[in-house]
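As a plain string of letters, each chain reads:
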Amino acid sequence: DVKVTQSSRYLVKRTGEKVFLECVQDMDHENMFWYRQDPGLGLRLIYFSYDVKMKEKGDIPEGYSVSREKKERFSLILESASTNQTSMYLCASSMASGERADTQYFGPGTRLTVL
Amino acid sequence: SQQGEEDPQALSIQEGENATMNCSYKTSINNLQWYRQNSGRGLVHLILIRSNEREKHSGRLRVTLDTSKKSSSLLITASRAADTASYFCATSLGKLIFGQGTELSVKP
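Rules used in this analysis
Residues numbered from 1 in each chain as written. Chains lettered and ligands numbered in written order. Predicted model: local features only at pLDDT ≥ 70, side-chain atom pairs only at ≥ 80, totals over all residues. Heavy atoms only, no water. Buried < 20%, exposed > 50% of the residue type's maximum accessible area, 1.4 Å probe, protein only. Helix = DSSP H or I, 4+ residues; strand = E, 2+ residues; numbered from the N terminus. Pairing = 2+ DSSP bridges. Polar contact = N/O pair within 3.5 Å; in protein donor to acceptor, adjacent residues only side chain to side chain. Contact = heavy atoms within 4.5 Å. Salt bridge = Lys/Arg side-chain N within 4 Å of Asp/Glu carboxyl O. pLDDT = per-residue confidence, 0-100. Buried area = accessible area lost by both parts, 1.4 Å probe.

All right, on to the pairing of strand β8 (residues 71-76) of chain B then. Residue and element names in this part refer to chain B. With respect to burial, β8 is a largely interior element, five of its six residues being buried. Pairing analysis gives six bridges linking strand β3 (residues 19-24) to β8, with the strands arranged antiparallel. Each bridged residue has a counterpart across the sheet, and for Ala19 the counterpart in β8 is Ile76. Bridge analysis of strand β7 (residues 61-66) against β8 gives six bridges, and the strand direction is antiparallel. Counterpart to Arg62 in the pairing with β8 is Leu75. Count of turn residues in the β7/β8 antiparallel hairpin: four residues, of which Lys70 carries a positive phi of about 50°.

A few words on the side chain of B:Arg36. Residue and element names in this part refer to chain B. In this structure, Arg36 sits in strand β4 (residues 31-37). A polar contact is formed between the side chain of Arg36 and the side chain of Asn38, at a distance of 3.0 Å. A polar side-chain atom of Arg36 sits 2.6 Å from the main-chain carbonyl oxygen of Ala82. Beyond its immediate chain neighbours, meaning those up to four positions away, Arg36 contacts Gly42, Leu43, Val44, Leu46, Ala82, Asp83, Thr84, Ala85, Ser86 and Tyr87.

Residue and element names in this part refer to chain A. Taken as a whole and judged by the stated rule, the model has twelve salt bridges over all chains. Among the ionic pairs, Asp38 bridges to Arg36, the shortest N-O distance being 2.8 Å. Salt bridges sharing partners connect three or more residues here, namely Asp28, Glu30 and Lys71.

Our focus in this paragraph is the confidence of the model for chain B. Of all residues in chain B, 97% have pLDDT values of 70 or greater, and the mean over the chain is 93. The least confident element of chain B, judged by mean pLDDT, is strand β1 (residues 5-7) of chain B at 86; the most confident is β7(B) at 98.

What follows concerns the interface of chain B and chain A. At the interface, 18 residues of chain B touch 20 residues of chain A. Of the roughly 1500 Å² buried between chain B and chain A, counting both surfaces, carbon and sulfur atoms make up 45%. The three residues of chain B that bury the most area against chain A are B:Leu43, B:Lys95 and B:Phe98, which together make up 28% of that side's buried surface. Across the chain B-chain A interface, the total number found is one salt bridge. One salt bridge in this structure joins A:Asp59 and B:Lys95, with 3.1 Å as the shortest N-O distance. Inspection of the chain B/chain A interface yields nine residue pairs in polar contact (both at pLDDT 80 or more).

Quick look at the structure:
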């Protein structure tokens, strides 16, 4: 079974702090994604990556950056956390090709609160 | 812009009844997927239906796709309390775009 893990289930940070959210997948997937989920807004794509050291902006990249130094790890960085970044953050991965290429496998989520 | 929109937003049924959720979308797609999310957790993939397929089954799940109407439905038969969760459709055309979900509550 594919396993996607996220470094924290719950995180509380202060405004202005630099925040790192880590995501690791164990199935050698090429693609990795970061979403945020907010009530009434659904899942929104922040950034994604199709390969090591490669990144693409999603629909709401402002205030975020990412890093993919190794294939299995995709990090989301909040350079200076703000209260409007309080949200549930979900990481996902998928294969680049094949029968199940479009299926995404999600981690358990990190609920971030910025005070 | 929102691609998939689920209907209803919330659904409450008794155990043993069937649950039907609908999804409408706006543009052409490669495939449509349904995911499930238990409260406060990540999403779990349930089923994928390709644009050239009309119906697909997986256990107690039945998915239909009507590309002419740009709509899909997810039917859960003989529901159980453990089916209580939020269900999302996601359309794929290069990347996945998720709807806002249907909250299903199955009462024992």
